[in-house]
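Working through the structure, step by step
Below, each chain spelled out in residue letters.
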Amino acid sequence: MYSFADFLLDTNSRKLFHKNEVINISARAYEILLLLIKNQGEVVTKETLLQEIWADSYVEESNLAVHISALRRNLGEKRGERKFIETVSGRGYCFVKSVKIVKKTSSKLIRSFELDSTNDSSELTLAVLPFNFQNNEDEYLADGITESLIGNLSKLPNLIVTAFSAVKKYRETKLDLQEIGFQLGVNKILVGEIIDTSEKLSVRLEMVKASDMSHLWSAKCDVETKDIFQLKKKVSIKVAEKLQINFAANSLSQHSDSEKIDFETHKLFLKGKFILDNTFVITKSQKSLLQSIEIFQQVLLRVPHFAAAYVAIASCYLHLHNYYYLSSDEAIPKVKTYLQLALSLDSNNSDAYRLLGEIKVIFERNWEEAEELLSKSLALNPNNLQTYNWLGILSTLLGRFEDAEKYYQKALEINPISLGHLMGLCRVYFFNQDFEKAFNYAQEALDLDPNFYSPKIFSAIIKVEQGEVDEAIEIIEKAISAKETQEALTIKGYIFCKKGDFETAHKILKQILKKTNKFIIDNYELGVLYSALGDFDKAFESFEKGLKSNSINLCLIKNDPRINNLKHDKRYNALIKKLNLN
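In short, a report on the structure. Every chain is numbered on its own, with residues counted from 1 as its sequence reads. Only residues with pLDDT of 70 or above have their local features reported here, since the model is predicted, and side-chain atom pairs are shown and tallied only from 80 upward, although totals for entire chains, interfaces and linings are computed over all residues. Side-chain descriptors were evaluated using all non-hydrogen atoms of the structure, hydrogens and water having been removed beforehand.

**Some remarks on the sheet that holds strand β8 (residues 100–101)**
Where strands meet in a sheet, backbone hydrogen bonds hold them as pairs that are either parallel or antiparallel. The pairing criterion is simple: DSSP has to find at least two bridges between the two strands. Helix and strand labels come from DSSP, where a helix needs a run of H or I of at least four residues and a strand needs a run of E of at least two; each type is numbered from the N terminus. Pairing in this open sheet of 5 strands is antiparallel, and the strands run β4-β3-β2-β1-β8 from one edge to the other. Only two strands of the sheet have a single partner each, and these edge strands are β4 (21–23) and β8.

If you want it as structure tokens, here you go:
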């Protein structure tokens, strides 16, 4: 047995104890923890962990990172903390807490631990895995129904439901439910199969206890009219009853007139949404966005009162602007028009308020109204991850770092492996100048996805501010060798300025300016480079361009430590005023 802090790892029962309770961890998580503890104080490489723990199968490195992240949560570490397991960048992991070998432990004590821990956690946490669709190969339909159900269940009080973005990766997985439950940090898992006959829709449901995969209950729900909303309602009520959750009947049973559509139209809508949601998995495709718009317009020809279709079109046009396919003058009036139409049909549409909040942040810099809209969006859907993200962004821009952290941490409760929210926390701590925590979050995101570009370049920025310039150069050059972008090159130029090598920095600047046709120019980052070079005129010229192009990054200028050298310039205060940050 091994003892550390208030924990005991029992190698006989293969259980982890904390004070008077058993901490549920999967078999592989136990093996990882044991291997790290046996090598306390030493780095165990990722290669060694993968070979030892997954000797009988091939897994991606990110699978290891998911287990480490879940272990940290089970050991009570807060996000960004490294009290027990430290990431050694580029190498592996190290168990840093002191460990004692316990040769004799009272069996009575162990039994008391086990007896005291028989009750489930008082907090109900649920993952709804993607439903299978019998007699139907349309993955988008099963995914759409699952996501819709998750949205409905999230309205139930005292229940945390894992976001669809976190569970969809498990559609084709070979992992058992215990392993999935551990990775997602939930105590219950709902699985289901949808049966589509010519006359009705049916769902077979089964709920299991995540810690040991024991069967809790099963049920079947039918709707005669193939009404997806009725199906969602019936399943939600069944789950609430089985979990003994008290809820207002109308919170699940009512839906607006805009949601009353026939099955075939709903299928068409879900197809368009599937294309939209997957447009950004591989590439930002203009063709896919236009295809989605065409499908949603077909939906509206069939059912003109379907509010969600108007919101989806608005989202498409905003994406077309954000990825430089349309100018703001072309896109934003359309976005606003479609959102206003949606809200006239359904005043409780969370995503409509969220998108309006985004517009207030990016294009109008009306922080007060943005917060009001985003807060309303969150009140309507407490599981809206995108709303948490934008509230986190807004709070970061305004320097309200504690609020930003709370929003991102709450989002990570819903999706514990969300790369975007991890990077949100990375930025919060960077701009609050807690560089160690910022680096930890960047590394956690990179561990989960070694190909994720954002933490690579942000790690370089952090290392510069920590005074580790040579390591920063090594990191940014690796990132550029994988993918050369204007942002990465400007960061590289900034790093060489901090090193005092202004000649190399000027060469990098010339390289960037020669490739303006190839790159999407971020005028804020370009201004940061000019500032580091001491060319304040060019810096403010770039910032003004960023102001005209609605650069969201420009709004970070007040808290960015990289431009401290120009804050004495009167043009800085004028710019802060234009950004409504004064």
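**Considering the sheet that holds strand β7 (residues 92–95)**
The strand order across the open sheet formed by 3 strands is β5-β7-β6, and the pairing between neighbours is antiparallel. Two strands close off the open sheet at either side, each with one partner strand: β5 (43–45) and β6 (85–88). Geometrically, the sheet is characterised by an average inter-axis angle of 30° between neighbouring strands, direction not taken into account. Pairing between β6 and β7: 4 bridges, direction antiparallel. Axis definition: a line fitted to C-alpha atoms, limited for helices to the stretch in contact. Angles are taken between N-to-C directions and run from 0 to 180 degrees.

**So, the packing of aromatic side chains**
Think of it this way: a Phe, Tyr or Trp ring, Trp meaning its six-membered ring, pairs with another when their centres are within 6.5 Å, and the plane angle makes it stacked under 30 degrees, edge-to-face over 60, tilted otherwise. The tally for this structure, following the rule as stated, stands at 15 aromatic pairs. Geometrically, the ring pair formed by Tyr 429 and Tyr 441 is stacked, given 5.6 Å between the ring centres and 15° between the ring planes. Pair noted here: Tyr 429 is in helix α18 (residues 419–431) and Tyr 441 is in helix α19 (residues 435–448), with a separation of 12 residues, a long-range link. Three exposure classes are used, based on accessible area relative to the maximum for each residue type with a 1.4 Å probe and protein chains only: buried under 20%, partly exposed in between, and exposed over 50%. When its relative accessible area of 0% is taken as the criterion, Tyr 441 is described as buried. Their ring planes at 80° and their centres at 5.1 Å tell us that Phe 430 and Phe 431 sit as a pair that is edge-to-face. Per residue, the accessibility class of Phe 430 equals that of Phe 431, and both read buried. Taken together, Phe 4, Phe 7, Phe 84 and Phe 95 form an aromatic cluster joined through their ring pairs. Lys 463 extends its terminal NZ or CZ atom over the ring of Phe 439, reaching a point 4.1 Å from the ring centre. Sitting above the plane of the Tyr 494 ring, Arg 562 keeps its charged end 5.9 Å from the centroid. Lysine NZ or arginine CZ positioned within 6 Å of the ring centre and within 35 degrees of the ring normal marks a charge as sitting over the ring.

**With respect to the pairing of strand β2 (residues 7–10)**
Remark: a regular strand shows side chains that alternate across the two faces of the sheet. Residues Phe 7 and Leu 9 point to one face of β2 and Leu 8 and Asp 10 to the other, with burial holding for every one of them. Between strand β1 (residues 2–4) and β2, which pair antiparallel and follow one another directly, the connecting turn spans 2 residues, one of which, Ala 5, has a positive phi of 50°. Alignment of β2 against strand β3 (residues 15–18), held across 4 bridges, turns out to be antiparallel. Residue Leu 9 lies in a different strand from β3, and its bridge partner there is Leu 16. Where β2 folds back on β3, the antiparallel hairpin that results is connected by 4 residues, among which Arg 14 adopts a positive phi of roughly 60°.

**Here's the deal with the nonpolar core**
Membership of the largest hydrophobic core comes to 203 residues, with the highest contact counts inside it found for Leu 190, Phe 543 and Ile 557. The element contributing the most residues to this core is helix α12 (residues 307–322), with 11 residues. Contacts are assigned to residue pairs with any non-hydrogen atoms lying within 4.5 Å of each other. Residues in contact with Phe 543, not counting those within four places in the same chain, are Asn 523, Tyr 524, Gly 527, Val 528, Leu 554, Ile 557, Ile 563, Leu 566 and Leu 575. Among buried residues, the Ala, Val, Leu, Ile, Met, Phe, Trp, Tyr and Cys ones that are joined through side-chain atoms within 4.5 Å form a nonpolar core.

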